[in-house]
Amino acid sequence: MYVLERLWREGLSPNERYTRKDGEYHKILLRICDEGDRVCEELTEKGRTHFEAYRQAQVDLSMIAEREVFIEAFRLGARLVLDIVGEYHGNFYTGTDD
């Protein structure tokens, strides 16, 4: 199945990535979670509420940034393909400007 069809039918989402447990991304993610938990342990209930709101805002911002990067990368890929193919004249590209 083509990627665009998967995007339409299955809602393929680039931000639903799978990371290797021994990879750098996964290690940093675990570190962030551990540090966040340590901070929460030292906060009052009100402080934890604000900190959780702060973390959620960071997640929301990250999702928006990832979406925008995906869109721009997709557009760049499309422009790259169009540049490789060249001008389109009818059903077939003949390599001439007739």
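Computed from a predicted model, the values in this text were never measured in an experiment. (Residues numbered from 1 in each chain as written. Predicted model: local features only at pLDDT ≥ 70, side-chain atom pairs only at ≥ 80, totals over all residues. Heavy atoms only, no water.)

This part covers helix 2 (residues 24-42). Between its first and last C-alpha atoms helix 2 spans 28 Å; for 19 residues at 1.5 Å apiece the expected length is 27 Å, and the two agree. Residues of helix 2 that are buried: H26, G36 and C40. The buried residues of helix 2 occupy an angular sector of 90° when the element is viewed end-on, so they sit on one face. In helix 2, the exposed positions angled more than 90 degrees off the buried face are occupied by E24, K27, R31, E41 and E42. On the buried face of helix 2, the contacting elements are helix 3 (45-85). (Helix = DSSP H or I, 4+ residues; strand = E, 2+ residues; numbered from the N terminus. Expected span 1.5 Å × (residues − 1). Buried < 20%, exposed > 50% of the residue type's maximum accessible area, 1.4 Å probe, protein only. Arc of directions from axis to C-beta. Contact = heavy atoms within 4.5 Å.)

This part covers the pattern of salt bridges. Charged atoms that come close allow side chains of opposite charge to pair. Per the counting criterion, the structure on display carries 5 salt bridges. The partner of R67 in a salt bridge is E68, with the nearest N and O atoms 3.4 Å apart. Close ionic contact of R75 with E72 constitutes a salt bridge, the shortest N to O distance being 3.1 Å. Of this pair, R75 and E72 both sit in helix 3, 3 residues apart, which is roughly one turn of the helix. Judged by its relative accessible area of 40%, E72 falls in the partly exposed class. (Salt bridge = Lys/Arg side-chain N within 4 Å of Asp/Glu carboxyl O.)

In a regular helix each residue adds 1.5 Å, so 41 residues correspond to 60 Å; helix 3 covers 60 Å between its end C-alpha atoms and thus fits that length. Positive phi shows up at G86, right after helix 3, with a value of about 85°.

Remark: helix 2 packs on helix 3, axes separated minimally by 10 Å, with the N-to-C direction vectors making an angle of 155°. As summarised for this structure, helix 2 and helix 3 are arranged roughly antiparallel, according to the angle between their axes. Contact residues: helix 2 offers C33, G36, D37, V39 and C40, while helix 3 offers R48, F51, E52 and R55. Looking at the contact of helix 2 with helix 3, its residues break down into 4 nonpolar, 1 polar and 4 charged. (Axes fitted to C-alpha atoms, helices over the stretch in contact; angles between N-to-C directions. Parallel < 35°, antiparallel > 145°, perpendicular 65-115°, else oblique. Nonpolar A, V, L, I, M, F, W, Y, C, P; charged D, E, K, R; others polar.)

A few words on the packing of aromatic side chains. A full pass over the atoms with the stated rule returns 2 aromatic pairs. Geometrically, the ring pair formed by F51 and Y54 is stacked, given 6.2 Å between the ring centres and 25° between the ring planes. With a gap of 3 residues between them, F51 and Y54 both fall in helix 3, about one helical turn apart. Among the residues examined, F51 registers a relative accessible area of 17% and is labelled buried. Taken together, a centroid distance of 6.1 Å and an interplanar angle of 45° make the contact between F70 and F74 tilted. Separated by 4 residues within a single helix, F70 and F74 lie in helix 3, roughly one turn from each other. (Phe/Tyr/Trp six-rings, centres within 6.5 Å; stacked < 30°, edge-to-face > 60°.)

So, on to a nonpolar patch on the surface. On the surface, L80, V81, I84 and V85 cluster together to form a nonpolar patch covering roughly 390 Å² of accessible area. You can see V85 is positioned in helix 3. (Patch = residues over 30% accessible without salt bridge, like charges linked within 9 Å, V, L, I, M, F, W, Y side chains within 5 Å. Areas by Shrake-Rupley, 256 points an atom, 1.4 Å probe, with all protein chains shown as cover.)

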